[in-house]
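Here is how the chains run, residue by residue.
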Amino acid sequence: MSKHRSLVDTLRQHPDIGLTTGADSDLMAAAESELECRLPDELRQLYLASNGVFEKRGEWFVVWPLASVVERNTFDWDLYPDDEERADLVGFGDDGTGAPFCVRRSGIITEYLHVEPDRRIRGHPPRRVTQRVLVAVGF
């Protein structure tokens, strides 16, 4: 947790980053129940420290609040019920162009996934997914 406290402390000092109150364990458990998965420990710790990370200049959430994570993902899973690749992804933020950062629901990959910009989470199922470590929030 000290790694994440350090990350959160660093983010708090950045003038263009807005942090929120952290999610409590009940909210985390409810979100994971609705998503039918356990988020990776690093991401869980970030949510417990700040329920979303907002970039002020660009005015977008780099890391979406948990309620948005549930809403956006369940919308897509319902919209594309036969897309097994999309069904295994949980989007949790984006790079400001709509290209989401994702983790696998199956838990088989611990790296963060970045869906290519033309394969947005909401409304367009990804056809090709590339592995990429999330740098936007310091992982």
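Quantities reported herein were computed from a predicted structural model and do not represent experimental measurements.

With that settled, consider the pairing of strand β3 (residues 60-63). Pairing of strand β2 (residues 53-55) with β3 involves three bridges; the strand directions are antiparallel. What sits directly across from Val-53, in β3, is Val-63.

Of all the positions in helix α2 (residues 25-35), only Met-28, Ala-31, Glu-32 and Leu-35 are classed as buried. Looking straight down α2, one finds that the buried residues subtend no more than 95° of arc, so they occupy a single side. Exposed residues on α2 whose side chains face more than 90 degrees from its buried face are Asp-26, Ser-33 and Glu-34. Where α2 begins, the capping side chain belongs to Asp-24, and its oxygen is found 3.2 Å from the backbone nitrogen of Asp-26. Where α2 terminates, the next one or two residues include Glu-36, which has phi positive at roughly 55°.

Applying the stated criterion to the full structure yields seven salt bridges. One salt bridge in this structure joins Arg-38 and Asp-41, with 2.9 Å as the shortest N-O distance. With relative accessibility at 52%, the residue Arg-38 sits in the exposed group. On the accessibility criterion, Asp-41 (46% relative accessible area) is partly exposed. Linked by salt bridges that have partners in common, Asp-16, Glu-55 and Arg-57 make up one network.

What counts and how
Residues numbered from 1 in each chain as written. Predicted model: local features only at pLDDT ≥ 70, side-chain atom pairs only at ≥ 80, totals over all residues. Heavy atoms only, no water. Pairing = 2+ DSSP bridges. Helix = DSSP H or I, 4+ residues; strand = E, 2+ residues; numbered from the N terminus. Buried < 20%, exposed > 50% of the residue type's maximum accessible area, 1.4 Å probe, protein only. Arc of directions from axis to C-beta. Polar contact = N/O pair within 3.5 Å; in protein donor to acceptor, adjacent residues only side chain to side chain. Salt bridge = Lys/Arg side-chain N within 4 Å of Asp/Glu carboxyl O.

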